[in-house]
Amino acid sequence: MNTATAVNFNAIRPAVAGPTLMTRSMKTIVVGVLLAMPSALLAQEGPTATMFSKYARYGADMWARNPTARIAGEGRACISCHTSLPYALVEPLLGGDYPAYLDLIENINDRILTWSDNTPWYSERKLEQLASLSHSPPDTLKAFLDADQSRGVEAVFNALIRATHDAYSKLPAQPDTQAAFRNMWAEQVKDGPSAGRWQWIQANMLPWEVTDSDIWGASLAGVAATIFPDLAPEENLKALHATLKDAFADKKVSLHTKTAVLWCDAESGGQILENDAARRLAEKLLALQRDDGGWALRELG
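Presented here is a report on the structure given in the accompanying data block. In this numbering scheme, every chain counts its residues from 1 along its sequence in written order. With the structure being a predicted model, the display of local features is reserved for residues of pLDDT at least 70 and the display and counting of side-chain atom pairs for 80 or more, all residues being used for whole-chain, interface and lining totals. Where side-chain values are given, they derive from all heavy atoms of the structure, hydrogens and water being excluded.

### Looking at empty space enclosed by the protein
For clarity, the threshold we go by: Only protein atoms enter the 1 Å grid used here, on which a cavity is any set of points holding a 1.4 Å probe that cannot leave and a pocket is any open set flanked by protein within 12 Å on both sides along at least five of seven lines; residues with an atom within 4 Å of a point are listed as lining. Grid points are joined across faces, edges and corners, and a volume is the space filled by probe spheres set on the points. Starting at the N terminus, helices and strands are each numbered in turn, a helix being any DSSP run of H or I of at least four residues and a strand any DSSP run of E of at least two. Under this grouping Gly is polar, as are all residues other than the nonpolar Ala, Val, Leu, Ile, Met, Phe, Trp, Tyr, Cys and Pro and the charged Asp, Glu, Lys and Arg.
Enumeration according to the criterion identifies two cavities of 30 Å³ or more in this entry. Looking at the largest cavity, its volume works out to about 150 Å³. If you go around the largest cavity, you meet 14 residues; those closest to its centre are Ala64, Ala77, Ala100, Asp103 and Leu104. For the lining of the largest cavity, the secondary structure elements donating two or more residues are α2 (47-64), α4 (84-94) and α5 (99-113). In terms of residues, the lining of the largest cavity owes the most to one element, α5, which gives four residues. Broken down by class, the residue content of the lining of the largest cavity amounts to nine nonpolar, two polar and three charged.

So, in C-alpha cells, the structure goes:
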C-alpha cells in the first residue's frame, strides 16, 4: 500500500497534539501489513491501480453474496475481518460510489440505529442456521463462536468504517457515526485482564480471530478515536491506551497485532509507545517486506 492507501487520517482530521514518531513511509508500512496489500498498488496511475480496484471490489461483491455472511447479517453480509473491513477502508480512495460499498454503509447504518434491538451476528439461532448449511449438528459452532464476542467486533468495525466514510467525505461526524461511537464505548470491557479492550471472536482463524485479536481490535478502535477525538471519552481512551501499551511489551502478542498497535500509536501522535520501541518494530517490518511491496501474513506470527 502507498501513503494514500494507508488511510492517512492525519491529512483529513485536526492534528493531534504531541510529537510525530513515525514518518509517512513508516505509517505506510504499518497499514500495508495490516491490510495485507502490496504497498505500490495505489501509488501509481495505470494498470496496477486498476487491477487492485477490480480485485478489491470483486472481493466485496463476492462476500456480499456469501450465504454464511448473509445469515449472520440477517439478509445482508456481516462485516468480515478479512474482506469487508479492508475493502471499506480503501473504497473511499477509489471513489466511494461502488454499489457494494453503498450497500455496506446502508447496512451499517441500519445496524447502528437499531443496536439495542437487533440480533448479534452469532446468536444461537444464527449459529444453528450456519451449522445446517453443512448438515452439521445444531451445536457444532457454539463451541467457538459467541454472540457477545461478535458484538464487540461489530461495534468497533462500525465506528471505524463510519469514521473513515465521514473523514474522506470531509464531513464532521454524522449522527450515524456519533451513534456508532456511543455503541462502541458501551461495549468496551470495563474490568479484569481485558479491561480497555472489546470482546472478540475466538474462532482460531489467524490472524484476526485468535487469542491476541482483541488487542488488534482495540487498536482499530483507537484509530477510529483519532479521526474524531471529540467522540472519545477521556476515561475510555485512557484504558484503551494502557492496555495497548501493555500488550506491545508482551512477547506472546503476534507481530501482526503489534503492528496494529503501532498504527494506532502513529495516528495518536505517539501517545502510546516510546519512540525507540515504535522505530524498532517499523524496522523489523521493513526487513520482512517482499519484493512486490507486500508482506506474507504467515511471517507475522
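From this point, things continue past the structure.
### A short note on helix α10 (residues 234-248)
Three or four residues apart is the spacing at which side chains of an α-helix point the same way, because the helix has 3.6 residues per turn. Condition: To estimate how far a helix should extend, the number of its residues minus one is multiplied by 1.5 Å. Under the scheme applied here, a residue whose accessible area is under 20% of the maximum for its type counts as buried, over 50% as exposed, and between as partly exposed, the area being computed with a 1.4 Å probe on protein chains only. The arc in question is traced by the directions running from the helix axis to the C-beta atoms. The contact definition used throughout considers only heavy atoms, calling two residues in contact when any of these lie within 4.5 Å.
Taking 1.5 Å of rise per residue, the 15 residues of α10 would be expected to cover 21 Å, and the 21 Å separating its terminal C-alpha atoms lies within 8% of that figure. Those residues of α10 lying buried are Asn236, Leu237, Leu240, His241, Thr243, Leu244, Ala247 and Phe248. Projected down its long axis, α10 carries its buried residues within an arc of 165°, all on one side. Summarising the geometry of α10, the exposed residues directed more than 90 degrees from the buried face are Glu234, Glu235, Lys238 and Asp246. Next to the buried residues of α10 lie α8 (175-187), α9 (213-227), α11 (255-267) and α12 (275-288).

### What about the packing of aromatic side chains?
Rules: In this analysis, rings of Phe, Tyr and Trp, with Trp reduced to its six-membered ring, are considered paired at centre separations within 6.5 Å, and the interplanar angle assigns stacked below 30 degrees, edge-to-face beyond 60, and tilted for intermediate values. Any Lys NZ or Arg CZ found within 6 Å of a ring centre and within 35 degrees of that ring's normal is scored as a charge over the ring.
Applying the stated criterion across every chain, the model contains five aromatic pairs. An angle of 85° between the planes, with centres 6.0 Å apart, marks the rings of Trp200 and Trp216 as edge-to-face. Residue Trp200 is found in the loop between α8 and α9, and its partner Trp216 is found in helix α9; the two are separated by 16 residues along the sequence. With respect to burial, Trp200 and Trp216 carry one shared label: buried. An aromatic cluster is present here, built from Phe157, Trp200 and Trp216 joined pairwise through their rings. Sitting over the face of the ring of Trp115, Arg151 holds its NZ or CZ atom 3.8 Å from the ring centroid. A cation over a ring is seen here: Lys258 above Phe248, with NZ or CZ 5.9 Å from the ring centre.

### Quick look at unusual backbone geometry
In this chain, Leu206 is followed by Pro207 through a cis amide linkage whose omega measures -5°. Tracing the chain through its elements places Pro207 in the loop between α8 and α9. Even without being a glycine, Lys170 presents a positive backbone phi close to 60°. The topology assignment puts Lys170 in the loop between α7 (147-168) and α8. Phi angles above zero are rare outside glycine, and Asn204 is one such case at about 60°. Mapped onto the elements of the fold, Asn204 is located in the loop between α8 and α9.

### Overview of the environment of Asp110
You can see Asp110 is positioned in helix α5. Sequence separation of Asp110 and Asp176 is 66 residues, and the distance between their C-alpha atoms is 9.0 Å.

### What about the state of the cysteines?
We count it as follows: Here, a disulfide means two cysteine sulfur atoms that sit within 2.5 Å of each other.
Within the structure shown, the criterion is met by zero disulfides. Here Cys78 is not disulfide-linked; the sulfur of Cys81 is the nearest cysteine sulfur, at 9.0 Å. Exposure remark for Cys78: the relative accessible area of 7% places this residue in the buried category. Owing to a relative accessible area of 7%, Cys81 belongs among the buried residues under this scheme.

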